[in-house]
Amino acid sequence: MKRKTRFVGYWLASLWILLQTGCALSTPPNDFTNQTMDFSAIQSVAVLPFLNLTSDDQAAERVRDSFMGMLLATEAFYVLPSGEVNRGISRAGLRTPQTPSAEEAKSISTILEVDAVITGVLREYGTVRSGSAEANLVSLSLQMLETEKGTVIWSASSTQGGITMGDRLLGSGGQPMNKVTEQVVNDLLNKLFE
Amino acid sequence: MICSTSFLNKKTWVLILVAFWLAGCAPRALEQEKPEPLAMLGLDVTLQGPPTARLGSLQCAFSTSGGSGKVTFALHSLKAGIETVEFSGEQASWSWSPKEPGSYHIKATATDDTGAVIDSGWSAEYRFYPPVDADTLYAVLPVDNISAAKAPLTEIHLTLIKALTEKGLSILDHDELEAFMEKNRMRYTGGISAEIGQQLKDELGVDAVFITSLETWQEGDPPRVSLITRVVLTGEWPEILWMDSVGLTGDDAPGLLGIGRIKSVEQLLAKALDSLLRSLHLYRTGGYPTYRYDSDLQEMRMVNDAGLTADFFGTEVRGRHQPHFTYRAPDFDPAGRYAVAVVPFLNVDARKYSGEVVALHFVKQLNRYENLRVIEPGLVRQTMLDYRMIMQAGPSLANSDILASENILGADLVLSGKVFDYQGTRGISKVDFSVQAFDGKKREVIWTSRSYATGDEGVYFFDAGSVPSAHGLTTRMSRAVVDMLEE
């Protein structure tokens, strides 16, 4: 009897180790924060138009608007209005403001008098289907560039939404797209300020 | 003699005498520096111009005596039991013109450096009437179609004129107005510029103009009608006097077995016009609800809360219509007096003219605050055309500078935004927009918010609580935003 109990104990310990190993492997290693950068020195930022890799033409503008508003609402930075950013893009003559070079980032930050520039790539924005279940999914990655050298000082990505166990079992259509967008932005803001 | 001279020569005695003399002077000098207590000698109030809101004004001059150091003054007004500070500063005379009609009492307070406060006591009652009365001549501009659909605009225009005439209003002859529009090449009927406002006054003797925008027009099943109407004072500087809107669908109140359904769009239009005219009557009789800042409670309070507007202003805004996130600059004073320019919203992915529709809803909501003077959208549009302001991504600081310039529009706040969704003709209504407000003087964003909602949110049983029209949703959502901005 005693031998049987010890046997179960070994099995439980082995399962626990396997579980822990599995969790460790699933952690995304793709976020970056420059540890030498003093983020408190950044008072104002310009959010450039996001690169849109989705089929929805206006999706990037929708997500950018949410991000700009939510970033301003944190009161950590002053976020330049999009009209002013657009004026800066025109004055700097950026052909592809979604993917600025280091020189272009420096140039636009000088024109707009900001301490940092944020660029983004919208990778997913739409509905995913699996069997009879469907749900909204948003995937966004962001980069923050400092203005002296135009180097990346912070980078993170987030994917939210998608089909959950509840969606599969109950057949619900997931959360509205705006809600999922807010979750993505919140997740990225948490990563920025952690 | 020698004795007395030697006595005077003794330095010690001279010093003692000087010390006594100084000691005697010192208390007297201190007594002279002690100020008299602050006292209010009087508050002179003189009415200038007619006793009508916006056109007439009260010239208030205060005189005080005494007080320590710098004395600052404040002019208070009392209306419907709500006291608010209209002006404050070192100036001892103010000219104050009430925005809304009503009975006002005036009081001045003075404060010195020691914190001593005195007041003049409330003045006698000054009654200000609406700038429009039984003798006012109105021009009814042709309906501006922002419904993105074909609509019988002439019929709607004539129905509106007929309804106004039946209510006893003096309306300028339609042919005369058409001749004026042709002569002055006036094509835009969604607002009036300063030039047109002056010409209407000088050439035709028109005192006020009805400007009507058709937001929704659908003749199918169910029919839908949404109208936004305002009355604008003509003259050198056109001002919005009254503004309201109505949005109806045939399915608003189906009742038992659908008996209450309205299937005719003409019937719906008549109902909509009736609601608007009831609201206008409220304004003309001084009972239109407005918001006034209560300086004691430090919050906005409603005046004439019993009056029901066409868009049911004053009813509770539910949580689902509140903005999903907001930012208000910490140094923004909601009680301040501001001139607000509302710029047409940028239409990102919504139906045609939705940017104009949402902007008009904000003009309507902001105009109900007594501390805000909303600039007539026609003036804003004319300025944007004159300065060739093209805003591909909303206003820039340079655009805001033009609108804020004292020589141009003098807007303290510039409100703009983006519309991402505006669906109200088929299926479930859906509205999604963001709002941004600049402080024109500080060149800073003072407000940002994002609002989105659908008409069926929170609806579980028999459509109870559903909002079938996009107009209804926009009204609720815009009101929630303005409430939060001004709270």
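1. Considering the overall build of chain A
At step 1: Tallying secondary structure elements over chain A gives 6 helices and 7 strands in all.
At step 2: A compact globule built from 194 residues would reach a C-alpha radius of gyration of about 16 Å, whereas chain A, at 21 Å, exceeds it by more than 25%.
At step 3: By principal-axis analysis of the C-alpha atoms, chain A measures approximately 80 × 45 × 25 Å.
At step 4: Here chain A, with 194 residues, has 42% of them falling under the buried criterion.
At step 5: The long-range fraction of contacts in chain A, counting pairs at least 24 apart against all pairs at least 6 apart in sequence, stands at 66%.
At step 6: In the structure as shown, chain A presents an accessible area of about 10,700 Å², 54% of it carried by carbon and sulfur atoms.
At step 7: Taken together, the 16 basic and 20 acidic charged side chains of chain A have centroids lying 14 Å from each other.

2. Brief notes about helix H10 (residues 470-486) of chain B
At step 1: Its 17 residues give H10 of chain B an end-to-end C-alpha distance of 24 Å, which sits within 8% of 24 Å, the value for a rise of 1.5 Å per residue.
At step 2: Judged by how many residues are buried, H10 of chain B sits mostly within the fold: 15 of 17 residues are covered.

3. Here we look at the confidence of the model for chain B
At step 1: Model confidence for chain B is summarised by a mean pLDDT of 89, while 95% of its residues fall at 70 or above.
At step 2: Element-level pLDDT for chain B is lowest in helix H1 (residues 2-9) of chain B, with a mean of 53, against a maximum mean of 97 in strand S9 (residues 137-140) of chain B.

4. Describing the interface of chain A and chain B
At step 1: Counting residues at the interface gives 21 residues for chain A, matched by 28 residues for chain B.
At step 2: Summed over both sides, the interface of chain A with chain B buries roughly 2,100 Å², with 53% coming from carbon and sulfur.
At step 3: Of all residues in chain A, Arg-62, Asp-65 and Asn-178 of chain A bury the most surface against chain B, accounting for 24% of the area lost on that side.
At step 4: Across the chain A-chain B interface, the total number found is 4 salt bridges.

5. Points about the side chain of Gln-436 of chain B
At step 1: Of note, Gln-436 of chain B is situated in strand S22 (residues 430-439).
At step 2: With relative accessibility at 16%, the residue Gln-436 of chain B sits in the buried group.
At step 3: Dropping the residues within four chain positions of it, Gln-436 of chain B is found in contact with Pro-81 of chain A together with Val-414, Leu-415, Ser-416, Gly-417, Val-445, Trp-447 and Thr-448 of chain B.

6. A closer look at the domain arrangement of chain B
Interface size is commonly expressed as the accessible surface area that is lost when the partners come together.
Residue and element names in this part refer to chain B.
At step 1: In terms of domains, chain B is made up of domain 1 (2-33), domain 2 (39-128), domain 3 (137-276) and domain 4 (289-486).
At step 2: Together domain 3 and domain 4 conceal approximately 2,500 Å² of surface at their shared face, both sides included; 58% is due to carbon and sulfur atoms.
At step 3: At the junction of domain 3 and domain 4, the tally comes to 3 salt bridges.
At step 4: A salt bridge links Glu-376 to Arg-230; the shortest N-O distance between them is 3.0 Å.

7. Focus: the sheet that holds strand S2 (residues 57-65) of chain B
Residue and element names in this part refer to chain B.
At step 1: Reading across the sheet, the 3 strands line up as S1-S2-S5 and stay open at both edges, with antiparallel pairing between neighbours. Looking at strand neighbours, the two that pair on one side only are strand S1 (39-48) and strand S5 (93-96), the edges of this open sheet. The average undirected angle you get between the axes of adjacent strands in this sheet is 15°.

8. Description of empty space enclosed by the protein
Residues and elements named next belong to chain B.
At step 1: Throughout the structure, instances matching the rule amount to 4 cavities of 30 Å³ or more.
At step 2: By volume, the largest cavity amounts to about 50 Å³.
At step 3: For the largest cavity, the full set of lining residues is Lys-79, Glu-100, Pro-101, Tyr-283, Gly-286, Gly-287, Tyr-288, Thr-290 and Asn-304.
At step 4: Partitioned by chemical class, the residues of the lining of the largest cavity number 3 nonpolar, 4 polar and 2 charged.
At step 5: Roughly 50 Å³ of internal volume is contained in the second largest cavity.
At step 6: Around the second largest cavity sit Glu-100, Leu-241, Trp-242, Met-243, Tyr-288, Thr-290, Lys-364, Asn-367 and Arg-368, which together line it.
At step 7: Top element by residues in the lining of the second largest cavity is strand S14 (residues 239-249). It accounts for 3 residues.
At step 8: The residue makeup of the lining of the second largest cavity, split by class, is 4 nonpolar, 2 polar and 3 charged.
At step 9: Counting contributing residues, the lining of the second largest cavity receives three or more from each of domain 3 (137-276) and domain 4 (289-486).

9. Overview of a nonpolar patch on the surface
At step 1: The grouping of Phe-7, Val-8, Trp-11, Leu-12 and Leu-15 of chain A at the surface amounts to a nonpolar patch, some 560 Å² of accessible area in total.
At step 2: As for its position among the elements, Leu-12 of chain A is in helix H1 (residues 2-26).

10. Quick look at the packing of aromatic side chains
All names here are of chain B.
At step 1: Enumeration over the complete set of coordinates arrives at 12 aromatic pairs over all chains.
At step 2: Note on Phe-87 and Trp-94: the rings are 4.7 Å apart at their centroids and 5° apart in plane angle, and the pair reads as stacked.
At step 3: By relative accessible area, Trp-94 is classed as buried at 12%.
At step 4: The interplanar angle of 75° and the centroid separation of 6.0 Å between the aromatic rings of Tyr-104 and Phe-128 together place this pair among those described as edge-to-face. A residue pair is termed long-range when its members are at least 10 positions apart, and Tyr-104 in strand S6 (residues 102-111) and Phe-128 in strand S8 (residues 126-128) qualify at 24 residues.
At step 5: What makes Tyr-104 buried here is its relative accessible area of 1%.
At step 6: Judged by relative accessible area, Phe-128 falls into the buried class, the value being 1%.
At step 7: An aromatic cluster of three or more residues is present, and its members are Trp-96, Tyr-104 and Phe-128.
At step 8: Lying across the ring of Tyr-188, Arg-381 places its NZ or CZ 3.6 Å from the centre.

11. Let's talk about the pattern of salt bridges
Two side chains that carry opposite charge are able to pair once their charged atoms sit near each other.
Residue and element names in this part refer to chain B.
At step 1: Per the stated rule, a full pass over the model turns up 34 salt bridges over all chains.
At step 2: Lys-107 is the partner of Glu-83 in a salt bridge, and the nearest nitrogen-oxygen pair spans 3.7 Å. You can see Glu-83 sitting in strand S4 (residues 82-89) and its partner Lys-107 sitting in strand S6, a full 24 residues away along the chain.
At step 3: The exposure class assigned to Lys-107 is buried, which follows from its relative accessible area of 11%.

How each quantity is defined
Residues numbered from 1 in each chain as written. Chains lettered and ligands numbered in written order. Predicted model: local features only at pLDDT ≥ 70, side-chain atom pairs only at ≥ 80, totals over all residues. Heavy atoms only, no water. Helix = DSSP H or I, 4+ residues; strand = E, 2+ residues; numbered from the N terminus. Rg over C-alpha atoms; globule rule 2.2 N^0.38 Å. Buried < 20%, exposed > 50% of the residue type's maximum accessible area, 1.4 Å probe, protein only. Contact = heavy atoms within 4.5 Å. Areas by Shrake-Rupley, 256 points an atom, 1.4 Å probe, with all protein chains shown as cover. Lys, Arg positive; Asp, Glu negative; His and termini not counted. Charge placed at Lys NZ, Arg CZ, Asp CG, Glu CD. Expected span 1.5 Å × (residues − 1). pLDDT = per-residue confidence, 0-100. Buried area = accessible area lost by both parts, 1.4 Å probe. Salt bridge = Lys/Arg side-chain N within 4 Å of Asp/Glu carboxyl O. Domains from an automatic or database assignment. Pairing = 2+ DSSP bridges. Axes fitted to C-alpha atoms, helices over the stretch in contact; angles between N-to-C directions. 1 Å grid on protein atoms, 1.4 Å probe; cavity = no way out; pocket = protein on both sides within 12 Å on 5 of 7 lines; lining within 4 Å. Points joined across faces, edges and corners; volume = space filled by probe spheres on them. Nonpolar A, V, L, I, M, F, W, Y, C, P; charged D, E, K, R; others polar. Patch = residues over 30% accessible without salt bridge, like charges linked within 9 Å, V, L, I, M, F, W, Y side chains within 5 Å. Phe/Tyr/Trp six-rings, centres within 6.5 Å; stacked < 30°, edge-to-face > 60°. Lys NZ or Arg CZ within 6 Å of the ring centre and 35° of its normal.

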